[in-house]
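Tertiary structure, described
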Amino acid sequence: EAQVTQNPRYLITVTGKKLTVTCSQNMNHEYMSWYRQDPGLGLRQIYYSMNVEVTDKGDVPEGYKVSRKEKRNFPLILESPSPNQTSLYFCASSLLSGSSYEQYFGPGTRLTVT
Amino acid sequence: AQTVTQSQPEMSVQEAETVTLSCTYDTSESDYYLFWYKQPPSRQMILVIRQEAYKQQNATENRFSVNFQKAAKSFSLKISDSQLGDAAMYFCAYNTNNAGNMLTFGGGTRLMVKP
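Read on for an overview of the structure. (Residues numbered from 1 in each chain as written. Chains lettered and ligands numbered in written order. Predicted model: local features only at pLDDT ≥ 70, side-chain atom pairs only at ≥ 80, totals over all residues. Heavy atoms only, no water.)

Before going further, it helps to examine the overall build of chain B. When helices and strands are tallied, chain B shows zero helices and twelve strands. Going residue by residue from the N terminus, the α and β elements of chain B occur as β-β-β-β-β-β-β-β-β-β-β-β. Against the compact-globule benchmark of 13 Å for 115 residues, chain B has a radius of gyration of 14 Å, which places it among compact chains. If you line up chain B on its principal axes, its C-alpha atoms span 45 × 30 × 20 Å. (Helix = DSSP H or I, 4+ residues; strand = E, 2+ residues; numbered from the N terminus. Rg over C-alpha atoms; globule rule 2.2 N^0.38 Å.)

Residues and elements named next belong to chain A. Of all eight residues making up strand β9 (residues 87-94), eight are buried, and the element is well covered by its neighbours. Side-chain alternation along β9 places Ser87, Tyr89, Cys91 and Ser93 on one buried face and Leu88, Phe90, Ala92 and Ser94 on a second face that is also buried. Both strand β4 (residues 31-38) and β9 contribute to a ladder of seven bridges, which runs antiparallel. Note that in β9 the partner of Tyr31 across the bridge is Ser94. Where β9 meets strand β11 (residues 109-113), three bridges bridge the pair, whose relative direction is antiparallel. Across the sheet, residue Ser87 finds its bridge partner in β11, namely Leu111. (Buried < 20%, exposed > 50% of the residue type's maximum accessible area, 1.4 Å probe, protein only. Pairing = 2+ DSSP bridges.)

A contiguous nonpolar surface patch, about 230 Å² in accessible area, is contributed by Leu95, Leu96 and Tyr101 of chain A. One can find Leu95 of chain A in the loop between β9 and β10 (104-105). (Patch = residues over 30% accessible without salt bridge, like charges linked within 9 Å, V, L, I, M, F, W, Y side chains within 5 Å. Areas by Shrake-Rupley, 256 points an atom, 1.4 Å probe, with all protein chains shown as cover. Salt bridge = Lys/Arg side-chain N within 4 Å of Asp/Glu carboxyl O.)

Distances and angles like these do not, on their own, reveal function.
As structure tokens, this is what we get:
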């Protein structure tokens, strides 16, 4: 089944404790991205990657890191999480980076930082 | 910068009736795409319908249709014969090739369907 998977689905952590949220897609998509969803703000893009070893900042990149060593994986890293990073996170992928290509979303990761 | 605005935080509709969700956007681009996504309680983001800006004909997908007014920068979603399963958050989104394929989302409209 073609899908985007994220792990973990739920995470509660404390301020400053490094964490990684994994994202994997099995559709051989070149383009992958991370969004965060906050009430009233919709989804906002954090980082995106147009291909292996090519990443760039989205609208809200502060406090996050990403890497794209393999085509299928695009982990999101929070080196020192803070409470303002409590949010719902989505990974998405599309075949190519053009705007005509549908983006497929993962199931979301609910992160709480205390 | 592009912005997308959904002015209705919540809407309700009676089952089998029709409801229209509003969306306006601001852009200086001439070539772009517009989308409506549905987010049910499962939190999964589901693409409902999309519209290419260069197409004058409004997109339709079964009970879902859009009213795309390019000059007014308006993109509303009409749901006909509403069903209980339509209850969800609905997000309007915009995308252009010049934005690294970044989807710009509105704040969302929560749709409730009354039996």
